[in-house]
Each structure stands twice: as structure tokens, then as C-alpha cells.
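Structural overview
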Amino acid sequence: LLQGKLFDSTVADEGTWTLEDRKLIRIVLTKTNRDAGNCWTSLLENEYAADPWVQDQMQRKLTLERFQREASSGTGLNPGFDFSGAEISGNYTKGGPDFSSLEK
């Protein structure tokens, strides 16, 4: 059904597939590098690219998840802040800005 090389690596023992209604195969892959800066632009190298709007939405979601993780762990700029209902704009592509060098 699909031939080619995946855009990046996945965790082999976490991948699953199901057959639904005897006609739809649903495949779930878990990326090995799941940080916000590693948003796949396509499923396979040079094939099945996400359209620009979908790519934008994925990057926004991953960046918000990164901020939420950092806030929960106390490693971000806003420890304890709840980003669950937040909207993001500005510099969020490739995981958003890198605040790791800033002093707390």
C-alpha cells in the first residue's frame, strides 16, 4: 500500500494498525523524536506532504505541548502556568523560541 522511507524514525514496538469496516486500515506510528522542533512535513520522504495549513496547526499544537510540559516540570519561563486553553502566534515554527539560555 505504501512504499518509501518514513520521514523520520519511529518506535517499532509501539506502532499499531487496525482494520475498520473491512475497508479502512488505520496505522498509528509513534515518532522517536517527539519534541516540538521535530514536526514531520510529510509521512514519507518527499511524499504525502501535509498542506501548509495542517503543518501550521501541527507546529502550533506541538509548541503549546512543549510550553505545557516545561511549565509542569518547572523548567520553562512560566512554571505552573496552564497552557491548555492558550493560543499561540508569532515564533512557534520548529518548536518555538529557545529559552534554555535565559536565567531564571
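Everything quoted here is computed from the prediction, not taken from an experiment.

Overview of the side chain of Q55
Checked against the element boundaries, Q55 lands in helix 1 (residues 52-73). Given a relative accessible area of 11%, Q55 falls into the buried group. Once you skip the residues sitting within four places of it in the chain, Q55 turns out to touch C39, W40, T41 and A50.

Observations regarding the pairing of strand 2 (residues 24-28)
Two faces belong to every sheet, and in a regular strand the side chains alternate between them. Summarising the sheet, strand 1 (residues 16-20) and strand 2 pair through five bridges and their orientation is antiparallel. Bridged to T16 within strand 2 is V28. Counting the residues in the hairpin turn of strand 1 and strand 2 gives three residues, including D21, whose phi is positive at 55°.

Things to note about the confidence of the model for the protein chain
For the protein chain, per-residue confidence averages 80 on the pLDDT scale, and residues scoring 70 or more make up 73% of the total. Mean pLDDT per element in the protein chain: helix 1 is the minimum at 81, and strand 1 is the maximum at 94.

Thoughts on helix 1
Helix length check: helix 1 (22 residues) gives 32 Å between terminal C-alpha atoms against 32 Å at 1.5 Å per residue, within 8%. When helix 1 is considered as a whole, its buried residues turn out to be Q55, D56, Q59, L62, T63, L64, R66, F67 and A71.

What to know about the environment of V28
When you line up the elements, V28 lands in strand 2. Put simply, V28 and T16 are twelve residues apart on the chain and 5.3 Å apart in space, counted from C-alpha to C-alpha. Residue contacts for V28: discarding those within four places in its chain leaves E14, G15 and T16.

Thoughts on a nonpolar patch on the surface
A surface patch of nonpolar side chains, about 810 Å² in accessible area, is lined by L2, W17, L19, I25, I27, L29, L43 and Y48. Mapped onto the nonpolar patch, the elements with two or more residues apiece are strand 1 and strand 2.

Considering the pattern of salt bridges
A side chain with one charge may pair with a side chain of the opposite charge, provided their charged atoms come close. Going through the model one piece at a time under the given rule, you end up with four salt bridges. For R26, the salt bridge identified is with E20, shortest N-O distance 2.8 Å. Given a relative accessible area of 43%, R26 falls into the partly exposed group. Residue E20 is classed as partly exposed on the basis of its relative accessible area, which comes to 26%. One salt bridge connects K61 with E65, and the closest N-O pair in it is separated by 3.4 Å. Taken as a pair, K61 and E65 lie in helix 1 at a separation of four residues, close to a single helical turn. A relative accessible area of 54% places K61 in the exposed class.

So, how was this worked out
Residues numbered from 1 in each chain as written. Predicted model: local features only at pLDDT ≥ 70, side-chain atom pairs only at ≥ 80, totals over all residues. Heavy atoms only, no water. Helix = DSSP H or I, 4+ residues; strand = E, 2+ residues; numbered from the N terminus. Buried < 20%, exposed > 50% of the residue type's maximum accessible area, 1.4 Å probe, protein only. Contact = heavy atoms within 4.5 Å. Pairing = 2+ DSSP bridges. pLDDT = per-residue confidence, 0-100. Expected span 1.5 Å × (residues − 1). Patch = residues over 30% accessible without salt bridge, like charges linked within 9 Å, V, L, I, M, F, W, Y side chains within 5 Å. Areas by Shrake-Rupley, 256 points an atom, 1.4 Å probe, with all protein chains shown as cover. Salt bridge = Lys/Arg side-chain N within 4 Å of Asp/Glu carboxyl O.

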